[in-house]
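Working through the structure, step by step
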Amino acid sequence: MPTEGELIANRLAKRERLLARGGGYPARTRRTHSCRAAVTLFESTESGSAEPGSGSAPHAALGGRVTGQRVLGRAAFLDLRDGSGSIQLYLRRDLLPEGEYELLELLDVGDFVEAEGTLIRTRSGEVTLAAESWRILVKALRPLPEKWAGLSDPETRYRERHLDLVANERSREVARISAATVSTVRRFFEDRGFLEVATPVLVDQAGGAAARPFRTYHNALDRELVLRISIELHLKRLLIGGFDRVFEIGRVFRNEGLSHRHNPEFLLLESYEAYADYEDVARMVEQLVRHVAMEVRGTLEIPHGDLVVDLASPWARTTYREALLEHAGIDYRDYPDRDALAGAAAERGVPVDPAASWASVVDAIMQRLVEPELVQPTFVFDYPTELSPLAKAREDDPAVVERFELFILGYEFANAYSELNDPVEQRRRLEAQALKRAAGDEEVEVADEAFLEALESGMPPAGGLGMGLERLMMLMTGEHSIREVLLFPALRDRGDSPKSPGNAP
RNA sequence: GGGCCCGUAGCUCAGCGGCAGAGCAGUGGACUUUUAAUCCAUCGGCCGGAGGUUCGAAUCCUCCCGGGCCUACCA
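Residues numbered from 1 in each chain as written. Chains lettered and ligands numbered in written order. Predicted model: local features only at pLDDT ≥ 70, side-chain atom pairs only at ≥ 80, totals over all residues. Heavy atoms only, no water.

1. A look at the sheet that holds strand β7 (residues 202-203)
Across the sheet, which stays open at both edges, the 3 strands sit in the order β7-β9-β8 with antiparallel pairing between neighbours. Unpaired on one side and paired on the other, β7 and β8 (215-218) mark the two borders of the sheet. When β8 meets strand β9 (residues 223-227), the two strands line up antiparallel, connected through 4 bridges. Across the sheet, His218 pairs through a bridge with Arg223, a residue of β9. (Pairing = 2+ DSSP bridges. Helix = DSSP H or I, 4+ residues; strand = E, 2+ residues; numbered from the N terminus.)

2. A word on the pairing of strand β11 (residues 265-274)
Here β11 lies mainly inside the structure; 9 of its 10 residues are buried. When strand β10 (residues 245-253) meets β11, the two strands line up antiparallel, connected through 9 bridges. Counted as the bridge partner of Arg245 is Glu273 from β11. Pairing between β11 and strand β19 (residues 462-468): 7 bridges, direction antiparallel. Bridging from a neighbouring strand, Ser271 pairs with Leu465 of β19. (Buried < 20%, exposed > 50% of the residue type's maximum accessible area, 1.4 Å probe, protein only.)

3. Digging into the nonpolar core
Grouped burial of nonpolar side chains is what soluble globular proteins tend to show. Counting residues in each nonpolar core, the largest one holds 48 residues, and the members touching the most others are Tyr320, Leu324, Ile365 and Met366. It is helix α10 (residues 358-370) that provides the largest number of residues to this core, a total of 8 residues. Apart from the residues within four sequence positions on either side, Ile365 is in contact with Leu324, Ala328, Ile330, Leu341, Ala345, Val350 and Val370. Judged by nonpolar contacts, the second largest core, of 46 residues, contains Leu269, Leu406, Met476 and Ile482. (Core = buried A, V, L, I, M, F, W, Y, C linked by side-chain atoms within 4.5 Å. Contact = heavy atoms within 4.5 Å.)

4. Quick notes on the pattern of salt bridges
Counted according to the given criterion, the structure contains 40 salt bridges. Note that Asp397 is salt-bridged to Arg333, the shortest N-O span being 2.7 Å. Here Asp397 is found in strand β17 (residues 397-408), whereas its partner Arg333 is found in the loop between α8 (320-328) and α9 (338-347), with 64 residues between them in sequence. In this structure, Glu425 and Arg429 form a salt bridge, with 2.9 Å as the shortest nitrogen-oxygen distance. Here the residue Glu425 and the residue Arg429 both occupy positions in helix α11 (residues 423-438), the gap between them amounting to 4 residues, near one helical turn. Since its relative accessible area comes to 6%, Arg429 is described here as buried. Overlapping salt bridges, with partners in common, bring together Lys14, Asp108, Asp111 and Lys139 in one network. (Salt bridge = Lys/Arg side-chain N within 4 Å of Asp/Glu carboxyl O.)

5. Section: the packing of helix α5 (residues 169-191) against helix α7 (residues 278-296)
Two numbers describe how α5 lies on α7: the axes approach to 9 Å, and their chain directions differ by 135°. As far as their axial angle goes, α7 and α5 are oblique. Along this stretch, α5 crosses α7, giving a crossing that reads as right-handed. Residues Ile177, Ala180, Thr181, Thr184, Val185, Arg187, Phe188 and Phe189 of α5 form the contact with α7, whose own contacting residues are Met284, Gln287, Leu288, His291, Val292, Glu295 and Val296. Looking at the contact of α5 with α7 residue by residue, the class counts come to 9 nonpolar, 4 polar and 2 charged. (Axes fitted to C-alpha atoms, helices over the stretch in contact; angles between N-to-C directions. Parallel < 35°, antiparallel > 145°, perpendicular 65-115°, else oblique. Left-handed = near helix turned anticlockwise from the far one by under 90°. Nonpolar A, V, L, I, M, F, W, Y, C, P; charged D, E, K, R; others polar.)

6. Observations concerning helix α6 (residues 232-241)
Those residues of α6 lying buried are Glu232, Leu233, Leu235, Lys236, Leu239 and Ile240. Viewed end-on, α6 has its buried residues packed into an arc of 160°, placing them on one side of the element. Residues of α6 that are buried in the fold lie against β10, β11, β18 (411-418), α12 (449-455) and β19. Among the residues trailing α6, Gly242 stands out with phi positive, at a value near 120°. (Arc of directions from axis to C-beta.)

7. Looking at the side chain of Ser34
Along the chain, Ser34 falls in the loop between α1 (4-20) and α2 (35-44). Engagement of the side chain of Ser34 in a polar contact is seen with the backbone nitrogen of Ala37, the distance being 3.0 Å. What Ser34 contacts, discounting residues up to four positions off in sequence, is Leu62, Asp82 and Ser84. (Polar contact = N/O pair within 3.5 Å; in protein donor to acceptor, adjacent residues only side chain to side chain.)

8. Concerning the sheet that holds strand β3 (residues 85-92)
Spatial ordering of the closed barrel is given by β1-β2-β3-β5-β4, a layout of 5 strands whose pairing is mixed. Along the sheet, successive strands turn relative to each other by an average axial angle of 55°, direction set aside. Here 6 bridges tie strand β1 (residues 59-71) to strand β2 (residues 75-82), and the two strands are oriented antiparallel to one another. When the sheet's bridge partners are listed, Arg70 is paired in β2 with Phe77.

9. Describing the confidence of the model for chain A
Per-chain confidence: chain A averages 90 in pLDDT, with 95% of residues scoring 70 or above. Between the elements of chain A, mean pLDDT differs from a low of 87, seen in α9, to a high of 98, seen in strand β6 (residues 195-196). Taken together, the stretch residues 496-505 has pLDDT below 50 and engages in 11 contacts with residues farther than four places along the chain or on a different chain. (pLDDT = per-residue confidence, 0-100.)

10. What about the environment of Thr299?
Along the chain, Thr299 falls in the loop between α7 and β12 (301-304). Sequence separation of Thr299 and Arg135 is 164 residues, and the distance between their C-alpha atoms is 44 Å. If we skip the residues at most four places from it in the chain, Thr299 touches Ala293 and Met294. Polar contacts involving the side chain of Thr299 include one to the main-chain amide nitrogen of Glu301, which spans 3.0 Å.

Written out as structure tokens, the structure is:
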């Protein structure tokens, strides 16, 4: 077992020899088929001939990465893989032009090659390209993870995702399901006449949610900027401008801790529909999630760990007040006093920050005692107004707003309102939040003057939706950690410098 | 932030006070239908880092770095 440096040095030497022969790193290839297409081609014209070069056997030129090799003297088998799948290559000295078989001396697992020849089925039944010509396209300098045990160290899988994807079919599958989830969501909204827009990521103030932002600086404008924590306020300005249905799928950034379900940057879907209310949005979300499940999984019963998430049955509906009563035994209306509520929370084992407001206490109880219980899809309607500064109050009860959150697997999947569009009331609510901020609470909604002014020009009644798409990916893939569905999850800096082949002895 | 666990060869892992190990990969050789090819030979180490205990530390202790799980926070 030579050191990593020696392994790389071996491959660098082979690269030199390859270049000396006039090969290596060509810009163009002669590929005629993907690996999968070649197998399909052969099976559709199955000649059954086990002897290469005979009769009407189909011909193909393939390219891909060598993932395994079995050399038997004057013949060799290579496993070739491209983005479509894999196929076996058969190299035989007497089938190849003079000197080409000896290229094997320069080949390592991990290199990309091109081979052109005849498709056959071997004695053991495998569809195989019997090469009549081949070359090395790319010399890989680093050894790939071991072929049988593969790559399992989570840290390496996350930090060097390319190796994880090469080594683990499951990781490729998760990436494909995640991508299909996003494209299906996009198509769902497009098919319903929503306009997809792109609004600024760099903004003056981080509004639309309550979270700490990342701060940055624009040199030419000599301006402090922050990265958005939400998309909401810009999309509402588009409703004001006259678009009735808009949506955006975009990254938002929250300067908070990491966990198995939180990443500092994540993919947020927001949609706004004029002349709709939160009941309409709830119906749409139910359709959306079911549609995605059918498109990417082909079923409405999604296995997740030990349980099955049932998307087919009608989704449970409750209210914030009922949910707290059922799971925590607290009717928050019996505790209009902050300290009394904090006492009730403490009795139930919910830790309470002494500085927390009434709203923070009630929400701590919700998060701690209620949300984890909501495993099967559950809508929770009608949140306390104090928790929801951008939502419209119920006409029959101004203490609560027309807001719902959707919970699946014990965590928040979606958040939706009948959007507050009374500019005077909106200003009053945001000013109340500003008082909290002045009292030291950094995680409250900011009063965005540009948004408030826009609202004064008149926003139609509308229903809005926000949904973290990584959580939808987690549901669709059955993964329990957001790091599995993020291709490059945020990690701490390991501190050492990247290894370079240039440093190899 | 707190608790538990992990870090040994390129990869997957064993060793847990007494000479640093295995498989795969690599290197040399044999082999024209293999598919975890096989067979022979062989190279290979900052045991995450720094201190400490000890005659002696990969092994025990402390701190630090990185990761995982649980938990908390993120309305």
